[in-house]
Amino acid sequence: EYTVINNKDKSLFETKFTLKNNVYTLKNSAFIVTTRDYKVSKKGHLINKNQYRYIDTHFSFIPDFDSMRDVEIQNDINIFGSSYASLNGISIGLGPAIIHENAKYLQVNVLGNYVKGNFKGVQAGLFNSTRGNFSGLQLGYLGNYIGSNFSGYQASAIFNYISGDYYGYQASGIFNITKGNHRGG
């Protein structure tokens, strides 16, 4: 049995179903209002906000750029992308994952990962971009971009770019650029 959460007009709805023959179509009438799936998190750092909602697991077909900007997510499964305030767990999908603050642990999204804050963990996709500090392993098919300091391992088919200092190892098919100091290979 599966539970699907749907976010509409800043309210969460849920439905349960059993998958038969690997196909199931959900209609909006199948969803009921729920409040048990999230709690308020006081540790967020959103601009002009002192709290945001926390959701354990969320499945999305398309990203909801408006109502999910105040959500801290633990597990994200997406088809055409996702967008959240922060990630504290796993994000897996086909589309790009956009995190407006910090993220940690694991991001594996085919079209790429975009984190506006810091990232700690493993990041893999077509193109990966982290504006803040990065610590961990970054694998990009086309390339990787770090807006600040980097510590760990970075590999891509074409390029790696680090705006700040880096400590670790870089490997790419064409070029690596580091603006700051570097130690490692």
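Keep in mind that this is a model prediction, so the values were computed, not measured.

Once that is clear, we can look at the overall build of the protein. Summing up its helical and strand segments, the protein has 0 helices and 18 strands in all. Put simply, 8% of the contacts in the protein that link residues at least 6 apart link residues at least 24 apart. With an accessible surface of roughly 10200 Å², the protein has 57% of that area assigned to carbon and sulfur atoms.

Of the residues in the protein, 70% reach a pLDDT of 70 or more, and the chain-wide mean stands at 81. Looking at the elements of the protein, mean pLDDT is at its lowest for strand β4 (residues 38-41), recorded as 43, and at its highest for strand β12 (residues 119-130), recorded as 97. Between residues 34-50, whose pLDDT stays under 50, and residues either more than four places distant or in other chains, the model counts 39 contacts.

The next subject is the side chain of H100. Mapped onto the elements, H100 comes out in the loop between β9 (97-99) and β10 (103-109). According to the relative accessible area criterion, H100 is buried, its value standing at 14%. Separated by 3.3 Å, the side chains of H100 and K116 make a polar contact. Every residue in contact with H100, bar those within four places of it in the chain, is listed here: R69, S83, Y84, A85 and K116.

This structure, assessed with the given rule, holds 7 aromatic pairs. Aromatic side chains F119 and F134 sit 5.2 Å apart centroid to centroid with 20° between the ring planes, which places their arrangement in the stacked category. Here the residue F119 occupies a position in strand β12, and F134 occupies one in strand β13 (residues 134-146), the gap between them amounting to 15 residues. Of the two residues examined, F119 and F134, each falls in the buried class. A connected cluster of aromatic rings, assembled from ring pairs, spans F119, F134 and F150.

In this section: the nonpolar core. In this structure, Y84, I99, A103 and F150 are the most contacted members of the largest nonpolar core, which totals 15 residues. Elements with a minimum of two residues in this core: β6 (71-78) and β13.

Right, let's talk about a nonpolar patch on the surface for a bit. Together, L137, L139, Y153 and Y169 line one region of the surface with nonpolar side chains, adding up to about 380 Å² of accessible area. Positionally, L137 belongs in strand β13. Exposure remark for L137: the relative accessible area of 31% places this residue in the partly exposed category.

Before going further, it helps to spend a moment on the pairing of strand β16 (residues 166-172). Sheet analysis places strand β14 (residues 150-156) next to β16, joined by 7 bridges and oriented parallel. Paired with G152 across the bridge in β16 is G168. In this structure, β16 lies alongside strand β18 (residues 182-184), joined through 3 bridges in parallel fashion. Residue Y167 lies in a different strand from β18, and its bridge partner there is R183.

Now for the environment of Y54. Looking at the element boundaries, Y54 is found in strand β5 (residues 52-60). Sequence separation between Y54 and D70 is 16 residues; the distance between their C-alpha atoms is 8.7 Å.

On any regular strand, side chains alternate: one points to one face of the sheet, the next to the other face. Two strands pair when backbone bridges link them, and strand β8 (residues 86-93) and β10 are joined in this way by 7 bridges, in the parallel orientation. In the strand pairing of β10, I90 is matched with L106. Alignment of β10 against β12, held across 6 bridges, turns out to be parallel. Across the sheet, residue L106 finds its bridge partner in β12, namely V122.

Conventions used here
- Residues numbered from 1 in each chain as written.
- Predicted model: local features only at pLDDT ≥ 70, side-chain atom pairs only at ≥ 80, totals over all residues.
- Heavy atoms only, no water.
- Helix = DSSP H or I, 4+ residues; strand = E, 2+ residues; numbered from the N terminus.
- Contact = heavy atoms within 4.5 Å.
- Areas by Shrake-Rupley, 256 points an atom, 1.4 Å probe, with all protein chains shown as cover.
- pLDDT = per-residue confidence, 0-100.
- Buried < 20%, exposed > 50% of the residue type's maximum accessible area, 1.4 Å probe, protein only.
- Polar contact = N/O pair within 3.5 Å; in protein donor to acceptor, adjacent residues only side chain to side chain.
- Phe/Tyr/Trp six-rings, centres within 6.5 Å; stacked < 30°, edge-to-face > 60°.
- Core = buried A, V, L, I, M, F, W, Y, C linked by side-chain atoms within 4.5 Å.
- Patch = residues over 30% accessible without salt bridge, like charges linked within 9 Å, V, L, I, M, F, W, Y side chains within 5 Å.
- Salt bridge = Lys/Arg side-chain N within 4 Å of Asp/Glu carboxyl O.
- Pairing = 2+ DSSP bridges.

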